[in-house]
Amino acid sequence: MVLAVGSPFQIVRTTGIYVDGGSAEVTSIGEMLAALIRRPTGFPVAVSPIGTQSAGSIILRLAPDRAALGDEGYELKVTSDSVSLVANRPAGLFRGIQTIRQLLPPDIESEMGLERYDWSIPALSIADKPRFAYRGAMLDVSRHFFTVREVEQYLDVLALYKLNVLHLHLSDDQGWRIQIDSRPKLTAMGSLTQVGGGPGGFYTKQDYQDILRYAQARYILIVPEIDMPSHINAALIGYPELACSARPPALYTGTDVGWSSLCVDKEETYDFVDDVIRELSAMTPGPYFHIGGDEVKTLTPEQYVKFIERVQTIVNKYGKKMIGWEEITKAHLNPTTIAHQWKSDSATAAVAYGSKLILSPAPKVYLDMKYTPATELGQHWAAYVEVRDSYDWDPATYMKGVTERDIFGVEAPIWSETLRNITAVEYLAIPRLPAVAEVAWTPQAVRNWESFRTRIVTHQQRWNYLGINFYRSPQLPW
Ligand code: IFG
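Note that the coordinates shown come from a computational prediction; the quantities given were computed from them, not determined experimentally.

**Quick look at the overall build of the protein**
No. 1: The number of helices and strands found in the protein is 15 helices and 16 strands.
No. 2: Relative to its length of 478 residues, the protein is compact, with a C-alpha radius of gyration of 23 Å against a globular reference of 23 Å.
No. 3: If one aligns the C-alpha atoms of the protein with their principal axes, the spans along those axes are about 75 × 50 × 45 Å.
No. 4: Relative to its 478 residues, the protein shows a buried fraction of 59%.
No. 5: Accessible area for the protein stands at about 17,900 Å²; split by element, carbon and sulfur atoms hold 55% of it.
No. 6: Separation between the mean location of the 46 positive side-chain charges and that of the 54 negative ones in the protein comes to 3 Å.

**Digging into the packing of aromatic side chains**
No. 1: Tallying each qualifying case throughout the model produces 22 aromatic pairs.
No. 2: Taken together, the aromatic side chains of Trp325, Trp342, Tyr366, Trp381 and Trp415 make up a single cluster linked through ring pairs.
No. 3: Above the face of the Tyr239 ring, Lys185 is positioned so that its terminal group lies 5.0 Å from the ring centre.
No. 4: Across the ring face of Tyr214, the terminal group of Arg218 is positioned such that the distance to the ring centre comes to 3.5 Å.

**A word on the side chain of Thr15**
No. 1: Turning to its location among the elements, Thr15 is positioned in the loop between β1 (9–11) and β2 (16–19).
No. 2: Reaching out from Thr15, the side chain makes a polar contact with the backbone nitrogen of Val12 at a distance of 2.8 Å.

**Considerations on the pattern of salt bridges**
No. 1: For the coordinates displayed, the defined rule picks out 28 salt bridges.
No. 2: The salt bridge partner of Lys317 is Asp274, with a shortest N-O separation of 2.6 Å. Pair noted here: Lys317 is in helix α8 (residues 301–317) and Asp274 is in helix α7 (residues 267–282), with a separation of 43 residues, a long-range link.
No. 3: Lys317 gets classed as exposed once you look at its relative accessible area, which sits at 52%.
No. 4: The exposure class assigned to Asp274 is buried, which follows from its relative accessible area of 13%.
No. 5: Close ionic contact of Glu450 with Arg453 constitutes a salt bridge, the shortest N to O distance being 3.3 Å. Of this pair, Glu450 and Arg453 both sit in helix α14 (residues 449–456), 3 residues apart, which is roughly one turn of the helix.
No. 6: A relative accessible area of 19% means that Arg453 is categorised as buried.
No. 7: Among the ionic contacts, a cluster of salt bridges with common partners joins Arg183, Asp274, Asp275, Arg278 and Lys317.

**Considering the sheet that holds strand β3 (residues 47–49)**
Strands belonging to one sheet form pairs held by backbone hydrogen bonds; the direction of such a pair is parallel or antiparallel.
No. 1: With respect to topology, 6 strands assemble into an open sheet ordered β3-β2-β4-β6-β5-β8, the strand pairing being mixed. Strands with a single pairing partner mark the edges of an open sheet, and in this sheet they are β3 and β8 (124–128). Geometrically, the sheet is characterised by an average inter-axis angle of 15° between neighbouring strands, direction not taken into account.
No. 2: Taken together, the 4 bridges between β2 and strand β4 (residues 57–62) define a ladder with parallel strand orientation. Within β4, the residue paired with Val19 across the bridge is Leu60.
No. 3: Contacts between helix α2 (residues 90–103) and the sheet are confined to β4, β5 (74–78), β6 (82–87) and β8, with β6 contributing the most and set at about 145° to the helix.

**Describing the sheet that holds strand β10 (residues 165–169)**
No. 1: A barrel is described by the order of its strands in space; here 8 strands give the closed sequence β9-β10-β11-β12-β13-β14-β15-β16, paired in parallel fashion. Neighbour-to-neighbour, the strand axes of the sheet open up by a mean angle of 25°, direction not taken into account.
No. 2: Pairing geometry for strand β13 (residues 321–325) and strand β14 (residues 338–341), over 3 bridges, is parallel. Counterpart to Ile323 in the pairing with β14 is Ile338.
No. 3: Sitting on the sheet, α7 is in contact with β11 (221–228) and β12 (288–292), with an inclination near 170° to β11.

**Some words on the environment of His290**
No. 1: In this fold, His290 is placed in strand β12.
No. 2: A residue is classified by how much of its surface remains accessible, and His290, at 0% relative accessible area, is buried.
No. 3: Along the backbone, His290 and Tyr427 are 137 residues apart, and their C-alpha atoms lie at a distance of 26 Å.
No. 4: Residue contacts for His290: discarding those within four places in its chain leaves His167, Val223, Pro224, Glu225, Ile226, Ile323, Gly324, Trp325 and His340.
No. 5: In terms of polar contacts, His290 uses its side chain to reach the backbone amide nitrogen of Gly292, at 3.1 Å.

**As for the site of the ligand**
No. 1: Near the ligand, the surroundings consist of 14 residues, among which Arg143, Tyr366, Asp368, Trp381 and Glu417 are the closest.
No. 2: In this structure, an oxygen atom belonging to the ligand sits 2.7 Å away from a side-chain N or O atom of Tyr366.
No. 3: Separating an oxygen atom of the ligand from a side-chain N or O atom of Glu417 is a distance of 2.6 Å.
No. 4: Protein burial of the ligand: of its 350 Å² of free accessible surface, 97% is covered by the chains.

**As for helix α13 (residues 432–441)**
No. 1: Taken across its 10 residues, α13 has 10 buried, putting it largely inside the fold.
No. 2: For α13, the complete set of buried residues consists of Arg432, Leu433, Pro434, Ala435, Val436, Ala437, Glu438, Val439, Ala440 and Trp441.

**A look at the state of the cysteines**
No. 1: Tallied over the entire structure, the rule returns 1 disulfide.
No. 2: Paired by a disulfide, Cys244 and Cys263 hold their sulfur atoms 1.9 Å apart. In this structure, the disulfide formed by Cys244 and Cys263 twists by about 85° around the S-S bond and is classed as right-handed. Placement of Cys244 in the loop between α6 (233–238) and α7 and of Cys263 in the loop between α6 and α7 is noted, with a sequence separation of 19 residues between them.
No. 3: A residue is classified by how much of its surface remains accessible, and Cys244, at 53% relative accessible area, is exposed.
No. 4: Cys263 gets classed as buried once you look at its relative accessible area, which sits at 5%.

Parameters and conventions
- Residues numbered from 1 in each chain as written.
- Predicted model: local features only at pLDDT ≥ 70, side-chain atom pairs only at ≥ 80, totals over all residues.
- Heavy atoms only, no water.
- Helix = DSSP H or I, 4+ residues; strand = E, 2+ residues; numbered from the N terminus.
- Rg over C-alpha atoms; globule rule 2.2 N^0.38 Å.
- Buried < 20%, exposed > 50% of the residue type's maximum accessible area, 1.4 Å probe, protein only.
- Areas by Shrake-Rupley, 256 points an atom, 1.4 Å probe, with all protein chains shown as cover.
- Lys, Arg positive; Asp, Glu negative; His and termini not counted.
- Charge placed at Lys NZ, Arg CZ, Asp CG, Glu CD.
- Phe/Tyr/Trp six-rings, centres within 6.5 Å; stacked < 30°, edge-to-face > 60°.
- Lys NZ or Arg CZ within 6 Å of the ring centre and 35° of its normal.
- Polar contact = N/O pair within 3.5 Å; in protein donor to acceptor, adjacent residues only side chain to side chain.
- Salt bridge = Lys/Arg side-chain N within 4 Å of Asp/Glu carboxyl O.
- Pairing = 2+ DSSP bridges.
- Axes fitted to C-alpha atoms, helices over the stretch in contact; angles between N-to-C directions.
- Contact = heavy atoms within 4.5 Å.
- Near = heavy atom within 4 Å.
- Disulfide = S-S within 2.5 Å.

Structure follows, in structure tokens:
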């Protein structure tokens, strides 16, 4: 609940940040806030242990007794004297400093010192926590390859809007993008191109660790996806024996889907799947492994179900919970397996297994959908999706038979068939990704399109400072 009371807090040259001295994690969160403030103000903004503070302090404090705030909730109290941010867990403090960031003037995002005299934060009191635990974005790095730096740029956008998962679509027909030591030809031969014929690329294990570290510092979980049994052509180039057909797989730079498949009746297929899941699970700290499972056109339902159930066993063997696109609900799912809804209501079947759902309804949150017919980038097989389409819906009533407690969270995928760099991704992602982020964070009862549309346009100055590309939707009052 936000109550504006009294005069604002002014950040001045003597303002300091005080943190729970006992926690290195909290100190580093304090340092991130200090760095943000130092850049445009030129103020020293020291970070010190709590207990030495004076008036005019920004205080970050962990309160393990505030269990009601959950893993990411926080309480922010601003008066003219002090800013107090309290959370049950460090992630809650990190989410809270994004709110402090958004309460400061947009100039706070400047990396050059600015002559300003009112770095003020309005007086208020907020107790805030997310509606859904899983609030994600997906980046397809297979159709077009994105560098580590570009992935980090996208992670910066996710952090600003309190998203907490980046799902990386690491393999498909056009490119295999992650080094697997036991299967060197996956990258040696499967990473060499992309849609349109460009050079492609792949993440070494070190690159992947760099992405994980950058994400972790922003309390964002990485969910890796190796799509199988279809969308697998890039793997078959180096390992053609894993296909049933005798036709030698070749580099593919088109955009058709569903035509490739692992040969699910061959035992060596499961040795391959085991190698990939074992190695990628070992280098992924998060609890989830996405196995794709979408758009299979060359297997019988029985073959598909048998394959998914064997892969589920392999994923669980390596200590991960399986996520798969909605088609996996044809198989018998473990209760820890999560069904990822994207185009129909078939994922509803997951509820019967005690499984939860991630909702990514294409007509609402597929960010590769064109805004309008005039949008040069993207596709429109699901719908034209303007900003209001991404904002004005309720996950809890979107699918009959699926209620709030069946929903693990919401994710906005962006497929990169038409997107050759992160600037193109941002054009389609902003302002719809912040819209989805609010769907995933804010209780339905306090969400309102008229409010969102007036608030989000004030972010354009921040996007300009941050060099983030965006679409000037005619639905918004720029
Ligand atoms: N569907 C395919 C994606 C991608 C997408 C483009 C899923 C789960 C269409 N599968 O979405 O690979 O091609 O909008």
